[in-house]
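Here's the letter readout for the chains.
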Amino acid sequence: MILSDETILQDLFSEDAPKKTIFALYGVVMLMMSYHALIYFVVDAEKIIARNDVQEYSVDFLENTSISTESRVVVDGESETLEFTADENLYNTFNGFGYLEITVSYAETGGALGGPCDTVSVDIPPTGASADWQHPSNILAGNSDDCSDINLYIVIFQEYNGESLTIAGGSPESIASQWTNNEFGSGTFSINLNVDATSLNPAGPLQDDDEEITVTWNAHFFSVVVEEI
Amino acid sequence: MAATDLGLIGAILMIAVGVMTLYFVRNNKKLMWNQRLGAHIICWLFLAKGIGSAAASFLIADGVVFASEGYWQFTFSLLWLMDILFTAGMLGLCLVFPIPILRNKKHLKMAFTAIAGFTAYRIIIFMVGFGVTILELSGITYLICGIIWGTVYIRFRLAPIEKRNQSTENIALAAGLLLIFQLGHIWFSWPGLILRAEYFYNLDLMEGISHRSVEYFWQACYAFSIGLGMMLCAIEVKQLVNGRANQFTYAMITYFALGFIGYTILSSASDAFWWASGEQTLAQIWITLTSSMHFTILRPLIGMYVLLRFGLFDTSEEMKPKAKMMVIILIVIATSALLELVQAIVPMNEMLSAALLGIIVAFGIGWEERSFDNLVNAPSSMRDGVEDKWYPHIEIKESLFKGLDIGMALLVSAFLLIAYLQWQTNAIFELAVRRVNGEW
């Protein structure tokens, strides 16, 4: 067996090799790479650079609050349930249902004048409607024994907090679509009301054995506005 | 069929080809050193690309969302690392097969040390947070393999008439097929390069995280590959006119013709990258049927053809039934995948599709029965009648081949571990953030 001491290049480009065609190949590939560089850096440079620039967008939310109020007299020691369903027309008008604020208010209305406030406790079961029930900002229960309001809070649209955002990349349409969903908030929310009435004189004629509680549902819907920065 | 489904089928096909061919190649100890080394490398190319394709499919299924947590970091890392292994394999393969560019043991040691060094460099670059940057030189394999196989192809295809024989034709054919294997998907986009189409110049390598420098270099390598393909296509057209057409001739003309037709479909598309395949627009269907098909189905078939056609398998009488069984399995997977692909584009009744699947699989097996013997019995020699200078003898110990397989298996295992660690440490997310913020 002959061991070649020549290099592979000497063999590839030996006298009998189709050198013209091989060098034509190298010429064509160089030509193509040069042509590509010309298009990339000169002819279409602006278009290509513009495509690589990442457009930034500001995302703002315009809120609209729909308020609904309902009162109920709750007997001492018993529980009442109130329900709330958002108006369907709101879903068509706005991009989404952001969050729901519930204010539970009452005053001392029974028993002796100047008697102590009753103890009111409320809770919202995380069922019946679509919301971000696990969100850490949610306040789903509360109580009051000094006639102060009880404020509850439920995040409805996932990740929504009403604050403006800046987003890089994408298109206004795709960003708006991320913030458009009429599923969030659909269904019926309910709140359980409990009263522990307190009388000055439990044995007297002016016994306090119930309380009127007012629940205000503040449904915060939003419209999304996406603009190039 | 979604891109992920097709990708998964391709991954299964490649892993199956890799495992089965490795079994046959390991048993074939009669080959010349360069053929044996080449055969081992081809098997590991399949395995690396198969695992990488599976990772890519899961990554695409996740929507390529660069979130701060998530499994996607594992699949991304694995895809990248397997591509590094694939690149190393292609570099090694072009140096030894179909003819060895390396002339003695010293050359062999130097070349494979350089490849190992380059591979280690790319792995380190990726692990220390410089992945998806120009430092990786992604695409360099196209240049090196293209130059070597392109030169070898012309040198033997157009050898002087008095020196032409079946062996020189086989060497040229093997080099040509390996060029299709590596560059075929690029050749579909040749009119896009020349006619400044958006679908070529808007190549987004890694969903917005690759820097412009990376994309330029990648595209430049594509331009190189297209120039090479055009030259070879012109040579083959001339050979066709001269009555010297072979399998490579028809393949080249088909790839370039499809590329031309594709321009009319893709010229209005903004992107034609292979992983945009799978949807139902005409442009995306076209990508599925061309570049995605090349990656997932044609590559394993071309690789298997090379192994069988040039006798890299042990197809002795004892092994032939097993080899036949392997080919049947692959044909069944490929033909059923093909039908699934058609069914996704042309929705049809389940009964009809089941019947068609039976017919196509039977056709596939029938084709295999008719052609298997022809294939393995075809003149496969690359040595007879070729000057000895082209095949220098290098003594390679048997243990080196065993060591190569064990080393590759360990490397794949190490890559799985690295990918897992990068996922757990959020390394890929941090890398993506740096790239998105414009750091190269």
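Just above sits the structure.
Residues numbered from 1 in each chain as written. Chains lettered and ligands numbered in written order. Predicted model: local features only at pLDDT ≥ 70, side-chain atom pairs only at ≥ 80, totals over all residues. Heavy atoms only, no water.

(A) Examining the overall build of chain B more closely. The helix and strand tally for chain B stands at 15 helices and 0 strands. Considering only contacts within chain B whose residues lie at least 6 apart along the sequence, 79% involve residues at least 24 apart. Accessible area of chain B: about 17,000 Å², with a carbon and sulfur share of 67%. (Helix = DSSP H or I, 4+ residues; strand = E, 2+ residues; numbered from the N terminus. Contact = heavy atoms within 4.5 Å. Areas by Shrake-Rupley, 256 points an atom, 1.4 Å probe, with all protein chains shown as cover.)

(B) Main features of the pairing of strand β6 (residues 150-155) of chain A. All names here are of chain A. Where burial is concerned, most of β6 is hidden: 5 out of the 6 residues are buried. In terms of strand pairing, strand β3 (residues 96-106) meets β6 through 6 bridges, oriented antiparallel. Within β6, the residue paired with T103 across the bridge is N151. (Buried < 20%, exposed > 50% of the residue type's maximum accessible area, 1.4 Å probe, protein only. Pairing = 2+ DSSP bridges.)

(C) Inspection of the packing of helix α2 (residues 19-43) of chain A against helix α9 (residues 212-241) of chain B at higher detail. Interhelical geometry of α2 of chain A versus α9 of chain B gives an angle of 145° and a closest axis separation of 8 Å. Crossing angle aside, the handedness with which α2 of chain A passes α9 of chain B is right-handed. Contacts from T21, A24, L25, V28, V29, M32, M33, H36, A37, Y40 and F41 of chain A of α2 of chain A reach α9 of chain B at R212, E215, Y216, Q219, A220, A223, F224, G227, L228, M230, M231 and I235 of chain B. Looking at the contact of α2 of chain A with α9 of chain B residue by residue, the classes come out as 17 nonpolar, 4 polar and 2 charged. (Axes fitted to C-alpha atoms, helices over the stretch in contact; angles between N-to-C directions. Left-handed = near helix turned anticlockwise from the far one by under 90°. Nonpolar A, V, L, I, M, F, W, Y, C, P; charged D, E, K, R; others polar.)

(D) Representation of a negative patch on the surface within the structure. Residues D76, E78, D196 and D209 of chain A make up a contiguous surface patch of negative charge. Residue placement: D196 of chain A occurs in strand β8 (residues 189-196). (Patch = residues over 30% accessible without salt bridge, like charges linked within 9 Å, V, L, I, M, F, W, Y side chains within 5 Å. Salt bridge = Lys/Arg side-chain N within 4 Å of Asp/Glu carboxyl O. Lys, Arg positive; Asp, Glu negative; His and termini not counted. Charge placed at Lys NZ, Arg CZ, Asp CG, Glu CD.)

(E) Spatial organisation of the side chain of R122 of chain B. Residues and elements named next belong to chain B. Mapped onto the elements, R122 comes out in helix α4 (residues 105-130). Although R122 is buried, it forms no salt bridge, and the closest oppositely charged side chain is E136 at an N-O distance of 4.8 Å. A polar contact of 3.4 Å, which involves the side chain of R122, links it to the side chain of T87. Sequence-distant contacts of R122, defined by excluding residues within four places in its chain, comprise I84, T87, E136 and S138. (Polar contact = N/O pair within 3.5 Å; in protein donor to acceptor, adjacent residues only side chain to side chain.)

(F) Structural detail: the environment of L90 of chain A. Residues and elements named next belong to chain A. Checked against the element boundaries, L90 lands in helix α4 (residues 88-93). Residues L90 and F23 lie 67 residues apart in sequence; the distance between their C-alpha atoms is 72 Å. Residues within four places of L90 in sequence aside, it is in contact with S66 and F221.

(G) Structural context of the nonpolar core. Of all hydrophobic cores here, the largest spans 142 residues; its most connected members are F76, L95, F97 and W149 of chain B. In terms of residue count, the dominant contributor to this core is helix α3 (residues 72-96) of chain B (18 residues). Excluding anything up to four places from it in sequence, L95 of chain B contacts P100, I101, L102, A111, I115 and I148 of chain B. V120, A131, A197 and A219 of chain A belong to the second largest nonpolar core, which has 47 residues in total. (Core = buried A, V, L, I, M, F, W, Y, C linked by side-chain atoms within 4.5 Å.)

(H) Geometry of the state of the cysteines. Applying the stated criterion to the full structure yields 1 disulfide over all chains. Disulfide partner of C117 of chain A: C147 of chain A, at an S-S distance of 1.9 Å. One disulfide, between C117 of chain A and C147 of chain A, carries an S-S torsion of -115° and so falls in the left-handed class. Separated by 30 residues along the polypeptide, C117 of chain A in the loop between β3 and β4 (119-123) and C147 of chain A in the loop between β5 (141-144) and β6 bring together distant segments of the chain. We note that C145 of chain B lacks a disulfide partner, and the nearest cysteine sulfur, in C94 of chain B, lies 3.8 Å from it. With relative accessibility at 0%, the residue C145 of chain B sits in the buried group. (Disulfide = S-S within 2.5 Å.)

(I) How the structure looks around the environment of M325 of chain B. Tracing the sequence through the fold places M325 of chain B in helix α12 (residues 320-345). Between the C-alpha atoms of M325 of chain B and G117 of chain B, which are 208 residues apart in sequence, the distance is 39 Å.

(J) Local environment of a nonpolar patch on the surface. Residues L38, F41, V42 and V43 of chain A make up a contiguous nonpolar surface patch of about 370 Å² in total accessible area. You can see V43 of chain A is positioned in helix α2.

(K) A look at the pattern of salt bridges. Residue and element names in this part refer to chain B. Tallying each qualifying case throughout the model produces 16 salt bridges over all chains. Ionic pairing is found between E169 and R157, a salt bridge with its closest N-O pair at 2.9 Å. With a gap of 12 residues between them, E169 in helix α6 (residues 166-187) and R157 in helix α5 (residues 140-157) connect regions that are remote in the sequence. You can call R157 buried: its relative accessible area is 1%.

(L) Focus on the packing of α6 of chain B against helix α11 (residues 282-309) of chain B. Residue and element names in this part refer to chain B. As a packed pair, α6 and α11 sit with axes 9 Å apart at the nearest point and diverge in direction by 160°. The angle between α6 and α11 places the two elements in the roughly antiparallel class. Like other packed secondary-structure pairs, α6 and α11 cross with a definite hand, here left-handed. Contacts between α6 and α11 involve Q166, N170, L173, L177, I180, F181, Q182, G184 and H185 from the first element and S291, H294, F295, R299, I302, G303, Y305, V306 and R309 from the second. Its residues assigned to classes, the contact of α6 with α11 shows 8 nonpolar, 8 polar and 2 charged. (Parallel < 35°, antiparallel > 145°, perpendicular 65-115°, else oblique.)

(M) Geometry of the interface of chain B and chain A. Contact with chain B, which involves 39 residues of that partner, is made by 35 residues of chain A. Each partner contributes to the roughly 3,600 Å² buried at the junction of chain B and chain A, and carbon and sulfur atoms together form 67% of this total. At the surface where chain B touches chain A, the tally comes to 6 salt bridges. The residue K47 of chain A makes a salt bridge to E198 of chain B at a minimum N-O spacing of 3.9 Å. For the side of chain B that touches chain A, the secondary-structure elements that each account for two or more residues are α5, α7 (190-194), α8 (198-201) and α9 of chain B. By residue number, the principal contributor to the side of chain B that touches chain A is α9 of chain B, which donates 12 residues. Class assignment of the residues belonging to the side of chain B that touches chain A gives a composition of 23 nonpolar, 6 polar and 10 charged. (Buried area = accessible area lost by both parts, 1.4 Å probe.)

On their own, these measurements won't tell you what the molecule is for.
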